[in-house]
Amino acid sequence: MAQTDHIFFATYARLDKTCGDRSSTIKGEAYAVGAELAFSTDSYVSERGKDYPIGIVSSAGGEVAGFLPANQVTRFCRLAEKGWTIRVVCSAVGYNSDVSYWLEVALIACEPQYAAALEPFVKGVAERIGKGERPDIRLNPKLIEEALEDPTLYTRLKKTPYPKLPKGEVYYKKERTATEAMIVAGANNNPGCWAGTVLFYVGAIAVVAAFVWFLFFR
C-alpha cells in the first residue's frame with residue numbers, strides 16, 4: 001500500500017461567497033449540518049490572462065453554496081484532477097451582519113481505491129458533525145491506517161473547536177435539527193426515519209386542524 005499520508009487528506013474550510021466573476025447567495029435554513037454536498041472544479045481567466053482554479057461546492061439540488069478559499073482550492077482541484085474522491089460535508093452555517101449566510105465544510109479526499117474502505121469513516125464523521133461535535137479529521141499516518149482497518153475510528157476522534165468569528169458574525173447552526181435529521185435520513189433511504197418525517201408533518205397538521213376546530217367550530 002502507498003504511504004498513508006499520500007492517500008488521504010482532510011480539513012475544515014470556510015467557503016468564500018465569490019470567486020472571480022462568480023458569486024453565491026444561499027439561505028441558511030436550506031442547509032443541514034452534517035449533510036453531504038457536491039464538489040466540482042472549473043477555472044477562470046484573470047484580466048491579465050492568468051488561469052486560476054475554482055473549487056465549487058453545491059447542494060444536492062445543484063445550488064452553488066460557495067467556493068473553496070485560496071488556501072485550499074489549488075490542493076483540492078489538483079487532487080480532483082488526479083482522480084481522487086472528494087467528499088464535502090456541511091459542518092456549520094454562519095450569518096453576517098450584512099444579512100447573508102455562509103458555510104463551513106469538512107473536506108475529505110482520498111485515492112479512489114481506498115474510498116470504499118473509508119466510507120464508514122466519512123459517514124461516521126458526518127454523523128458526529130450533525131450532532132455538533134466537529135471531530136478532528138486531520139489524521140496523521142497512523143490514524144489513516146486505523147481508519148482503513150477500523151470502521152469505528154471516527155467515534156474516538158477528539159473534538160476540535162469552531163473558529164472564533166469576527167465582530168458582526170455569528171454561527172447560525174452548528175448542529176442538525178431534529179426535523180433536518182429525519183429529512184436527511186429519508187433522503188438516505190432510511191425507511192424508519194422517512195416514515196417518522198411523514199408522521200411528524202401529519203401530526204403537525206392534525207394539531208393545527210384541531211386548534212382551528214376548537215377556536216371556530218366548537
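Scope of this entry: the structure provided in the associated data block. This is a predicted model, so every value here is computed, not measured.

**Structural notes on the pattern of salt bridges**
Overall, the coordinates contain 12 salt bridges when judged by the stated rule. Here D42 makes a salt bridge to R22, at a shortest N to O gap of 2.6 Å. Taken as a pair, D42 in strand β4 (residues 36–45) and R22 in strand β3 (residues 22–23) lie far apart in primary sequence, 20 residues in all. Put simply, K123 and E119 hold a salt bridge, and the shortest N to O gap is 3.9 Å.

**What to know about the environment of Y162**
In this fold, Y162 is placed in the loop between α3 (141–149) and β9 (169–173). The sequence separation of Y162 and K174 amounts to 12 residues, and the corresponding C-alpha distance is 8.8 Å. Excluding residues that lie within four positions of it along the chain, Y162 makes contacts with S91, A92, E104, G132, E133, R134, Y171 and K174. Here the side chain of Y162 touches K174 through a polar contact of 3.1 Å, landing on its backbone oxygen.

**Side note on the pairing of strand β8 (residues 101–110)**
The buried fraction of β8 amounts to 10 of the 10 residues, a majority that puts the element mostly inside the structure. As judged from the 7 bridges shared by strand β1 (residues 8–14) and β8, these two strands associate in the antiparallel manner. Residue F9 lies in a different strand from β8, and its bridge partner there is A109. Examined bridge by bridge, strand β7 (residues 85–96) and β8 share 10 bridges and lie antiparallel to one another. Its bridge partner being in β8, T85 is matched across the sheet by C110. With antiparallel pairing between neighbouring strands as the criterion, β7 and β8 make up a hairpin whose turn holds 4 residues, including V99 at a positive phi of roughly 60 degrees.

Definitions and cut-offs
Residues numbered from 1 in each chain as written. Predicted model: local features only at pLDDT ≥ 70, side-chain atom pairs only at ≥ 80, totals over all residues. Heavy atoms only, no water. Salt bridge = Lys/Arg side-chain N within 4 Å of Asp/Glu carboxyl O. Helix = DSSP H or I, 4+ residues; strand = E, 2+ residues; numbered from the N terminus. Contact = heavy atoms within 4.5 Å. Polar contact = N/O pair within 3.5 Å; in protein donor to acceptor, adjacent residues only side chain to side chain. Buried < 20%, exposed > 50% of the residue type's maximum accessible area, 1.4 Å probe, protein only. Pairing = 2+ DSSP bridges.

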